Number of protein chains: 2
Amino acid sequence: MLSTRCRVSFSSFVADSGHDLSLLNLFRPNRNSCKFLRRSCPLMPCYSRWTGSKSSSVLAKAAASEEKEEKRQQEEEEEEEEENGLFKTQVESLLETIKWDEKGLVVAIAQHIDTGAILMQGFANREAVYRTLTSRKATFYSRSRSSLWTKGETSSNFINVSNMFMDCDRDSMIYLGKPDGPTCHTGAETCYFTAASDFINTPQVETKRLPMTSLYCLEDTISQRKLDVVGGHSGKPSWTKRLLEDQKLLCSKIREEASELCHTLEDNEDKSRTASEMADVLYHAMVLLAVKNVKMEEVLEILRARFGQSGIEEKNSRKSNC
Amino acid sequence: MLSTRCRVSFSSFVADSGHDLSLLNLFRPNRNSCKFLRRSCPLMPCYSRWTGSKSSSVLAKAAASEEKEEKRQQEEEEEEEEENGLFKTQVESLLETIKWDEKGLVVAIAQHIDTGAILMQGFANREAVYRTLTSRKATFYSRSRSSLWTKGETSSNFINVSNMFMDCDRDSMIYLGKPDGPTCHTGAETCYFTAASDFINTPQVETKRLPMTSLYCLEDTISQRKLDVVGGHSGKPSWTKRLLEDQKLLCSKIREEASELCHTLEDNEDKSRTASEMADVLYHAMVLLAVKNVKMEEVLEILRARFGQSGIEEKNSRKSNC
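Given the structure is predicted, the values throughout are model-derived calculations rather than measurements.

Cut-offs applied
- Residues numbered from 1 in each chain as written.
- Chains lettered and ligands numbered in written order.
- Predicted model: local features only at pLDDT ≥ 70, side-chain atom pairs only at ≥ 80, totals over all residues.
- Heavy atoms only, no water.
- Pairing = 2+ DSSP bridges.
- Helix = DSSP H or I, 4+ residues; strand = E, 2+ residues; numbered from the N terminus.
- Axes fitted to C-alpha atoms, helices over the stretch in contact; angles between N-to-C directions.
- Contact = heavy atoms within 4.5 Å.
- Buried area = accessible area lost by both parts, 1.4 Å probe.
- Salt bridge = Lys/Arg side-chain N within 4 Å of Asp/Glu carboxyl O.
- Buried < 20%, exposed > 50% of the residue type's maximum accessible area, 1.4 Å probe, protein only.
- Least-squares fit on C-alpha atoms with pLDDT ≥ 70 in both.
- Expected span 1.5 Å × (residues − 1).
- Polar contact = N/O pair within 3.5 Å; in protein donor to acceptor, adjacent residues only side chain to side chain.
- Core = buried A, V, L, I, M, F, W, Y, C linked by side-chain atoms within 4.5 Å.

### Let's talk about the sheet that holds strand β2 (residues 118-124) of chain A
Stage number 1. Pairing in this open sheet of five strands is mixed, and the strands run β2(A)-β1(A)-β6(A)-β5(A)-β7(B) from one edge to the other. In the strand order of this sheet, the two ends are held by β2 of chain A together with β7 (192-195) of chain B, each with one partner. Neighbouring strand axes in the sheet, compared pairwise and without regard to direction, differ in orientation by 35 degrees on average.
Stage number 2. For strand β1 (residues 106-112) of chain A and strand β6 (residues 172-179) of chain A, the ladder comprises six bridges, and the chain directions are parallel. Across the sheet, Ile 109 of chain A pairs through a bridge with Ile 174 of chain A, a residue of β6 of chain A.

As structure tokens, this is what we get:
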């Protein structure tokens with residue numbers, strides 16, 4: 001485990017920089033997270049305070065006992081090398097369990113860690129999976145070019161993989177990660193943007209529609225209403241439009257709905273009331289997000305950075321200078 | 001478009017019954033939604049008030065002009081048949097655009113419409129896609145059995161498909177829908193439950209871990225804390241545990257955070273403050289959900305049922321008798 005002092009600075013760094021905590025937690029859930037972080041983020045200011053990179057006090061100590069310091073560093077490097085070797089051996093063991101098809105491939109699906117959006121689907125051979133696990137960049141095998149292909153190698157829109165999941169048959173993988181930008185070569189957020197319903201209902205019109213799940217469909221609906229309001233389109237009456245136009249009403253509703261959610265607990269109401277009031281809180285709060293141009297994805301990214309640590313620690317780290 | 005009268009009762013039915021509005025909206029976004037609904041939900045009480053199924057007043061009218069009524073019904077049936085024919089033709093056109101591989105297959109990924117979880121991945125041939133679009137049950141082609149396979153045909157855990165999405169290459173599909181129960185034959189919620197990180201870190205221990213996105217990872221963390229509290233485990237300090245144990249504190253925090261979110265709008269604070277306060281609202285409200293044993297999925301299902309209609313209409317429909 002990381003020491004408490006190390007954890008706090010590490011956490012606050014993550015919270016401040018948006019660095020992918022889950023990646024570090026999942027692949028290196030031990031003291032090596034600190035070492036890995038130092039290697040990958042040499043400029044991190046807070047971290048150096050705890051881990052002894054070259055601050056003035058450390059330099060003074062090193063001057064007093066340079067030989068001792070060198071020996072310590074050498075030991076650390078040897079330990080690191082050994083651990084890297086073990087990591088690679090374990091990745092090889094994992095690859096042994098995968099059921100490659102007659103072409104040596106499995107299906108690999110890249111999924112957005114915050115929104116859950118399916119970004120793209122490709123195929124992966126043994127080397128592609130190995131590279132994904134070791135480089136943490138989603139890597140596939142291009143069947144048309146018969147070569148390895150790391151998503152982003154030309155566009156720079158890499159998919160930073162936090163973890164990989166195998167299905168029950170071990171012939172299909174999920175690369176769960178955070179994309180650096182739009183995934184599709186067309187510039188679309190994901191490769192899936194043609195809805196069967198649109199094709200069937202209006203085959204003559206080319207419509208783009210992402211497979212949005214409920215939360216993002218709601219976000220999209222609110223955005224549409226906002227466009228109507230901003231554009232001065234009247235259209236049919238809408239509660240969302242009223243809220244968007246009347247910020248006093250919106251804030252009063254958010255406070256009211258939050259209180260109603262609490263009442264379901266305080267008054268021991270039925271759990272269906274809780275679900276309904278939570279839906280109200282979420283909807284009204286999301287209208288406020290739309291007014292402020294904040295995407296739910298940004299909120300979820302913050303939560304991802306936070307929940308890798310104890311809430312109390314997180315509160316303390318926010319209060320600290322670091 | 002549905003008439004306003006029809007929409008209101010239709011919407012309230014959807015809100016009350018949890019029937020999949022998006023399915024109806026997406027595949028039949030015109031007046032046929034009413035007809036389709038009448039056919040598929042003959043017992044719906046409110047709907048019959050508006051659409052003239054056999055209430056006493058309609059019977060009286062029919063008695064007065066039976067011939068006229070019969071003619072109308074015949075015309076309606078003919079129209080319906082014609083529309084069904086057109087629908088099938090359009091599905092066939094869509095199938096023509098798909099790029100089947102050398103075995104006549106494409107990848108088909110089933111995704112949960114509320115949570116975004118990737119439920120399973122299979123392959124689909126032309127007939128499987130056709131059946132999925134016409135029956136709205138996720139259907140695949142089993143390569144091992146060389147036969148069509150509708151997920152749920154033995155377990156009854158069907159995946160009710162709201163819409164299908166094609167990728168930019170037209171060789172990969174998403175079946176976006178609601179599962180009737182666990183998707184995996186092992187009883188797991190999804191087929192993806194083996195994390196590479198677990199395998200690499202503790203290869204000797206078989207751990208189940210779903211590829212949870214940020215919102216559900218947070219929900220899971222809160223659930224774990226609740227288990228600690230209920231089980232009387234002390235463990236390390238946790239803000240979540242404090243909130244779970246002190247409902248007065250929890251409710252006071254929810255009200256406080258909701259108010260702080262509003263302040264970011266009222267005081268014109270930076271949008272990063274809004275995102276941060278929304279994260280606080282969401283987290284604290286989710287602790288309350290955990291106390292009440294409500295899953296975020298239930299909340300999202302409610303929102304999905306609601307956002308197919310204007311909020312004002314929805315509010316009115318909730319106030320009405322229907």
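Here the narrative resumes.
### Overview of the interface of chain A and chain B
Stage number 1. On the side of chain B, 115 residues touch chain A, which itself brings 114 residues to the contact.
Stage number 2. Both faces considered, chain A and chain B share a buried interface measuring about 9,500 Å² in area, 68% of it formed by carbon and sulfur atoms.
Stage number 3. Three residues stand out in chain A for area buried against chain B, namely Ile 200, Leu 265 and Lys 292 of chain A, and they jointly supply 8% of the buried area on that side.
Stage number 4. Where chain A meets chain B, there are six salt bridges.

### Notes on the pairing of strand β3 (residues 139-142) of chain A
Residue and element names in this part refer to chain A.
Stage number 1. Bridge analysis of β3 against strand β4 (residues 147-150) gives four bridges, and the strand direction is antiparallel. Bridged to Ser 142 within β4 is Ser 147.
Stage number 2. The loop that links β3 with its antiparallel partner β4 comprises four residues; one of these, Ser 146, has a positive phi angle of about 50 degrees.

### With respect to the pattern of salt bridges
Residues and elements named next belong to chain A.
Stage number 1. All chains considered together, the criterion is met by 38 salt bridges over all chains.
Stage number 2. Put simply, Arg 126 and Glu 96 hold a salt bridge, and the shortest N to O gap is 2.9 Å. Of this pair, Arg 126 sits in helix α7 (residues 126-135) while Glu 96 sits in helix α6 (residues 66-97); the two residues are 30 residues apart in sequence, bridging distant segments of the chain.
Stage number 3. The class of Glu 96 is exposed, set by a relative accessible area of 56%.
Stage number 4. We note a salt bridge from Asp 114 to Lys 178, for which the minimum N-O separation is 2.6 Å. On the criterion of sequence distance, the pair formed by Asp 114 in the loop between β1 and β2 and Lys 178 in strand β6 is long-range, its members being 64 residues apart.
Stage number 5. For Lys 178, a relative accessible area of 12% translates into the label buried.
Stage number 6. Connected through salt bridges with shared partners, the residues Asp 114, Lys 178, Glu 297, Glu 301 and Arg 304 form a single ionic network.

### A short note on the relation of the copies chain A and chain B
Stage number 1. The two copies are related by a screw motion: chain A maps onto chain B through a turn of 180 degrees and a shift of 0.0 Å along the axis, at an RMSD of 0.1 Å. In short, the pair behaves as if placed about a two-fold rotation axis. Relative to the rotation axis, the C-alpha of Gly 116 of chain A is the closest in chain A, positioned 2.6 Å from it.
Stage number 2. Residue by residue, 100% of the interface of chain A is reproduced at the interface of chain B, so both copies engage with the same surface.

### Describing helix α11 (residues 247-266) of chain A
Stage number 1. In this model, α11 of chain A (20 residues) spans 28 Å end to end at C-alpha, consistent with the 28 Å of a helix rising 1.5 Å per residue.
Stage number 2. Residues of α11 of chain A that are buried include every one of Leu 249, Leu 250, Cys 251, Lys 253, Ile 254, Glu 257, Ala 258, Ser 259, Leu 261, Cys 262, Thr 264 and Leu 265 of chain A, and no others.

### Brief notes about the side chain of Gln 111 of chain B
Stage number 1. Counting through the fold element by element, Gln 111 of chain B comes out in strand β1 (residues 106-112).
Stage number 2. Of note is the side chain of Gln 111 of chain B, whose polar atom sits 3.0 Å from the backbone oxygen of Gly 116 of chain A.

### A word on the nonpolar core
Stage number 1. Ranked by internal contacts, the top residues of the largest apolar core, which has 81 residues, are Leu 94, Met 164 and Tyr 175 of chain A together with Leu 94, Met 164 and Tyr 175 of chain B.
Stage number 2. Counting 68 residues, the second largest nonpolar core, distinct from the first, contains Trp 239 and Leu 303 of chain A together with Leu 243 and Leu 282 of chain B.

### Focus: the sheet that holds strand β7 (residues 192-195) of chain A
Stage number 1. Spatially, five strands are ordered β7(A)-β5(B)-β6(B)-β1(B)-β2(B) in an open sheet, and the strand pairing comes out mixed. Each having just a single partner strand, β7 of chain A together with β2 (118-124) of chain B make up the two edges of the open sheet. Between one strand axis and the next, the sheet turns through 35 degrees on average, direction left out of account.
Stage number 2. Of the pairings in the sheet, the one linking β1 of chain B to β2 of chain B comprises six bridges and is antiparallel in character. When the bridges of β2 of chain B are listed, Ala 108 of chain B appears paired with Gly 122 of chain B.

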